[in-house]
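Analysis of the macromolecular model
This is what each chain is made of:
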Amino acid sequence: MTRGRHDLRWTIVAGYEGSASSEDALALARGVLDAAGDRLVVGCVYEYQPLGGHLASGDLAAGVARRGCMAVRSGRAESTAVPGVSPAEGLSSLAAATHADLVVVGSARRALRGRLLRGSTADGMLRRGVCSVAIAPSGYRGHHHRFQTVGVIFDGTPPSRAAIHTAAAIALAEGGVVRVYASAGVLPGGDIQEVLAPLLGGATLQAAAPVRAVTADSRKILDLVIVSIYGRFRLPGFGRRQGGRWIRACRCPVLVLSESQTVAGDRAPAADREEATW
């Protein structure tokens, strides 16, 4: 892959424990690695047990992680086992130790095929805010996915501007396009238009309800949706009570950018940060 000025060099952590959901996560992680990654760490979390019992559990988890790593078939992939009181806690520790930019997880096991459903691992990762989080829909495994059309919700805030930069980098790497969803009167400025200029076929869309528009397009058009966890929009996906509804409505992977991957020094107001809590 030829790298240019927009290219990302992410360190990615994929949570894997051999389940169908973690196979979905691994498929999504493989796609992100191809488009934006420099390193993929496949991590299997095992429950820490006192009095030495964790040693056997650690060996078992290491073997599971190795199998996942071998399935990726990339020289940039490695595996490890990590102890934790929960998958979210273990993956957060692994992300911090590896300075990861992104953690990829699958949907909850009860999710219907083709649907996204946040589970406790995704919720825990988002609450901790160690890095960005991507969630794969159920049934995503079994195919090599490319991000030909990347959707991003834009509200004019620095975090949503960072989301556009990320979407542009991924789309450029894949030879794809970016579709920007913004409410009427909120349009990207000249600098953002410059970022989008190399993306032939990219479109800035206006919609009275951009969240509903991107949700509808996720069924047939979009291969990935990128959103920022902070911003002026009271996104249905970002409210305390309504977050699950928006995630469940999407049919493609959703990547939630953490605050650390937005413009340095730009923080959302305290009221917005509270609203953005998952």
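Residues numbered from 1 in each chain as written. Predicted model: local features only at pLDDT ≥ 70, side-chain atom pairs only at ≥ 80, totals over all residues. Heavy atoms only, no water.

The next subject is the pattern of salt bridges. What the rule picks out here adds up to four salt bridges. Note that arginine 39 is salt-bridged to glutamate 78, the shortest N-O span being 3.0 Å. With a gap of 39 residues between them, arginine 39 in strand β2 (residues 37-47) and glutamate 78 in strand β3 (residues 77-84) connect regions that are remote in the sequence. By relative accessible area, arginine 39 is classed as partly exposed at 28%. Assessed through its relative accessible area of 33%, glutamate 78 is described here as partly exposed. (Salt bridge = Lys/Arg side-chain N within 4 Å of Asp/Glu carboxyl O. Helix = DSSP H or I, 4+ residues; strand = E, 2+ residues; numbered from the N terminus. Buried < 20%, exposed > 50% of the residue type's maximum accessible area, 1.4 Å probe, protein only.)

This part covers the side chain of threonine 149. By secondary structure assignment, the location of threonine 149 is in strand β6 (residues 149-154). Overall, the relative accessible area of 14% leaves threonine 149 in the buried class. For threonine 149, the residues in contact, after removing those within four places along its chain, are Val177, Arg179, Ile221, Leu222, Asp223 and Leu224. (Contact = heavy atoms within 4.5 Å.)

Moving on, we come to the confidence of the model for the chain. With 73% of its residues at a pLDDT of 70 or more, the chain has an overall mean of 78. The weakest mean pLDDT in the chain belongs to helix α9 (residues 270-275) at 38; the strongest belongs to strand β1 (residues 10-15) at 96. When the criterion is pLDDT under 50, residues 110-118 qualifies, and its contacts beyond four places in sequence or with other chains add up to 37 contacts. Note that residues 231-242 has pLDDT below 50 and, in this model, 39 contacts with residues that lie over four places away or in other chains. (pLDDT = per-residue confidence, 0-100.)

Let us now look at the pairing of strand β10 (residues 254-257). Neither face of β10 is exposed, since Val254 and Val256 on one face and Leu255 and Leu257 on the opposite face are all buried. Bridge count for strand β5 (residues 132-136) against β10 is three bridges, and the pairing is antiparallel. Its bridge partner lying in β10, alanine 134 is registered against leucine 255. (Pairing = 2+ DSSP bridges.)

Our focus in this paragraph is the nonpolar core. Counting residues in each nonpolar core, the largest one holds 48 residues, and the members touching the most others are Ile12, Leu40, Phe147, Ile170 and Ile226. At nine residues, helix α1 (residues 20-36) tops the list of elements feeding residues into this core. Apart from residues no more than four positions distant in its own chain, leucine 40 is found in contact with Ile12, Ala14, Ala29, Leu33, Val72, Arg76, Ala77 and Glu78. Listed in part, the 26 residues of the second largest apolar core include Val13, Leu94, Val227 and Cys250. (Core = buried A, V, L, I, M, F, W, Y, C linked by side-chain atoms within 4.5 Å.)

Within strand β7 (residues 177-182), five of the six residues are buried, leaving the element largely enclosed by the surrounding structure. Bridge count for β6 against β7 is six bridges, and the pairing is parallel. Counted as the bridge partner of valine 150 is valine 178 from β7. Assessed by its sense of winding, the connection that carries the chain from β6 through helix α5 (residues 158-174) to β7 is right-handed. (Right-handed = clockwise from strand over helix to strand, strands pointing away.)

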